[in-house]
Amino acid sequence: FWFFKFLVLVGITVGAFYIPDGTFTSVWFYFGVVGSFLFILIQLVLLIDLAHSWSQRWLRNADQGNAKGWYAALCIITFIFYATSIAAIALLYVYYTKPEGCTEGKAFISINLILCLIVSVVSILPKIQEAQPHSGLLQASLITLYTIYITWSALANVPVQRCNPTLLVRNGTSSATATEAPTTWWDAPSIVGLVIFILCTLFISLRCSDHPQVNKLMLTEESGAGAGAGPGGAAEEGGVRRAYDNEQDGVSYNYTFFHLCLLLAALYIMMTLTNWYSPDESSQVLRSPWTAVWVKICSSWAGLLLYFWTLVAPLVLPDRDFS
């Protein structure tokens, strides 16, 4: 029923322009906040998987030959990530804090800096290295860099002009905003966020993970490997692995979860394109609320906690297979 689906899609799109201003816009903002938070967590899972897979592949190549070259590449990339993070932290302190005031910004930057230091140290502890030989500073440096980006994005939503030089102001029709200087809608955190979204989409599309749980999240057919022949399954014929794409009886992925991820991605793009701003009571001006700041900061803490769990899980649950 593709024809009717497209008709419904066009009807919904056109109908959205006729939604009256008022309660719907304010309520839908919070739907976008929750959906975006969940999608950021999905991005964090993909990023952590990318970091672990990246390190494992390069260390495997080092064991097979030209070890000095691969180890040198690991050190260079790790140094670049940490150097960029340190420079970014310094810039955040310079531009998003003041000697007096801006307490929230100072606290957010300092807390995330301390947490990044903790996970970096934990990633190279002997106990962790023994349980996970591939664990190292490359993963920690990538997670640190992404955490600093999330912190920057959160500080760009602080609704205090003195503590946020990138706060966007849009002139409305009311006289109260007539004295505010208009600025461009696009800011750097939003552009970087869109780039990361595109890279995550490519990451999902072009590769399958080494971890079955991530394959289920990324909705790849490899997650059903070993199920045998049939819809979405695979079979061995003469030693050759053959995949089947027969969706007559059902799809090879979780249909509901797939569309839920698309919904969350759409909400994330919606919030990014509007800079996480919400309409004021008169619906004349979009303003940055503290809600967006706390959602982003909490997502950065959730990402660090998730990465920390991937490090200590083999020690906490020794009976489980984390290979």
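Residues numbered from 1 in each chain as written. Predicted model: local features only at pLDDT ≥ 70, side-chain atom pairs only at ≥ 80, totals over all residues. Heavy atoms only, no water.

The chain carries the name SERC2 protein in an unreviewed UniProt entry, which gives Acrocephalus arundinaceus as its organism. We quote the UniProt Subcellular location (unreviewed entry) comment for the chain here in full: "Membrane". The Sequence similarities (unreviewed entry) comment attached to the chain in UniProt states, word for word, "Belongs to the TDE1 family." (UniProt positions renumbered as here; feature names shortened; annotations may be inferred.)

The next thing to look at is the overall build of the chain. Counting secondary structure elements, the chain contains 10 helices and 4 strands. A burial count over the chain gives 37% of its 323 residues as buried. Sequence separation of at least 24 residues holds for 68% of the intrachain contacts in the chain that already meet a minimum separation of 6. When the accessible surface of the chain is summed, it comes to about 18,500 Å², and 69% of that surface belongs to carbon and sulfur atoms. (Helix = DSSP H or I, 4+ residues; strand = E, 2+ residues; numbered from the N terminus. Buried < 20%, exposed > 50% of the residue type's maximum accessible area, 1.4 Å probe, protein only. Contact = heavy atoms within 4.5 Å. Areas by Shrake-Rupley, 256 points an atom, 1.4 Å probe, with all protein chains shown as cover.)

As a further point, take the packing of aromatic side chains. Throughout the structure, instances matching the rule amount to 11 aromatic pairs. Summarising the aromatic geometry, the rings of Phe1 and Phe4 are spaced 6.4 Å apart at their centres and angled 55° between planes, so their arrangement reads as tilted. For Phe1, a relative accessible area of 78% translates into the label exposed. Between the aromatic rings of Phe39 and Tyr268, the centroid separation amounts to 5.3 Å while the plane-to-plane angle is 40°, which identifies the pairing as tilted. Highlighted residues: Phe39 in helix α2 (residues 23-64) and Tyr268 in helix α9 (residues 255-273), separated in sequence by 229 residues. Tyr268 matches Phe39 in its accessibility class, with the two residues each being buried. Three or more aromatic residues joined by ring pairs make a cluster, and in this case those are Phe1, Phe3 and Phe4. (Phe/Tyr/Trp six-rings, centres within 6.5 Å; stacked < 30°, edge-to-face > 60°.)

Before going further, it helps to spend a moment on the environment of Ala265. By the secondary structure assignment, Ala265 is in helix α9. In sequence terms Ala265 and Gly35 are 230 residues apart; their C-alpha atoms lie 7.8 Å from each other. In this structure Ala265 touches Phe39 and Phe197, once residues within four positions along its chain are discounted.

This next bit is on the nonpolar core. Nonpolar side chains tend to gather and get buried jointly when the protein is soluble and globular. Ranked by size, the top nonpolar core spans 41 residues in total, and within it Phe39, Tyr146 and Tyr307 carry the most contacts. Contributions of two or more residues to this core are made by α2, α3 (67-96), α4 (103-122), α6 (137-155), α7 (188-206), α9 and α10 (290-316). Non-local contacts of Tyr146, meaning those with residues more than four positions away in its chain, are made with Ile40, Gln43, Leu44, Leu47 and Ile196. Judged by nonpolar contacts, the second largest core, of 12 residues, contains Ile148, Ala154, Ala156 and Val293. (Core = buried A, V, L, I, M, F, W, Y, C linked by side-chain atoms within 4.5 Å.)

Let's shift gears to the packing of α2 against α3. Across the interface, α2 lies against α3 with an axial gap of 7 Å and an inter-helix angle of 155°. Judged on the interaxial angle alone, α3 and α2 are roughly antiparallel. Here α2 and α3 pass one another in a crossing that is left-handed. Along its contact with α2, which presents Trp54, Trp58, Leu59, Asn61, Ala62 and Asp63, the element α3 presents Ala67, Trp70, Tyr71, Ala73, Leu74, Ile77 and Phe81. Of the residues that constitute the contact of α2 with α3, the class distribution is 11 nonpolar, 1 polar and 1 charged. (Axes fitted to C-alpha atoms, helices over the stretch in contact; angles between N-to-C directions. Parallel < 35°, antiparallel > 145°, perpendicular 65-115°, else oblique. Left-handed = near helix turned anticlockwise from the far one by under 90°. Nonpolar A, V, L, I, M, F, W, Y, C, P; charged D, E, K, R; others polar.)

Time to look at the UniProt feature "transmembrane region" (unreviewed entry) in the chain. On the UniProt side, "transmembrane region" (unreviewed entry) is annotated at positions that read residues 27-48, 69-95, 107-125, 137-155, 188-206, 251-273 and 293-317 here. Between the C-alpha atoms that bound residues 69-95 the distance is 39 Å, and the span itself is 100% helix and 0% strand.

For α10, spanning 27 residues, the distance from its first C-alpha to its last is 36 Å, which sits close to the expected 39 Å at 1.5 Å a residue. A maximum bend of about 40° is found in α10 at Thr310, where proline Pro314 lies one to four positions downstream. (Expected span 1.5 Å × (residues − 1). Bend = angle between axes of the 7 residues up to and from the residue.)

Let's shift gears to the packing of α4 against α6. Here α4 crosses α6 at 170°, and the two axes come no closer than 9 Å. Here α6 runs roughly antiparallel to α4, going by the angle between their axes. Residues Gly105, Phe108, Ile109, Asn112, Cys116, Val119 and Ser120 of α4 lie in contact with α6, whose contacting residues are Leu137, Ala140, Thr144, Thr147, Thr151 and Leu155. When its residues are assigned to classes, the contact of α4 with α6 shows 7 nonpolar, 6 polar and no charged.

Inspection of the secondary structure puts Ser141 in helix α6. Of note is the side chain of Ser141, whose polar atom sits 2.7 Å from the backbone oxygen of Leu138. (Polar contact = N/O pair within 3.5 Å; in protein donor to acceptor, adjacent residues only side chain to side chain.)

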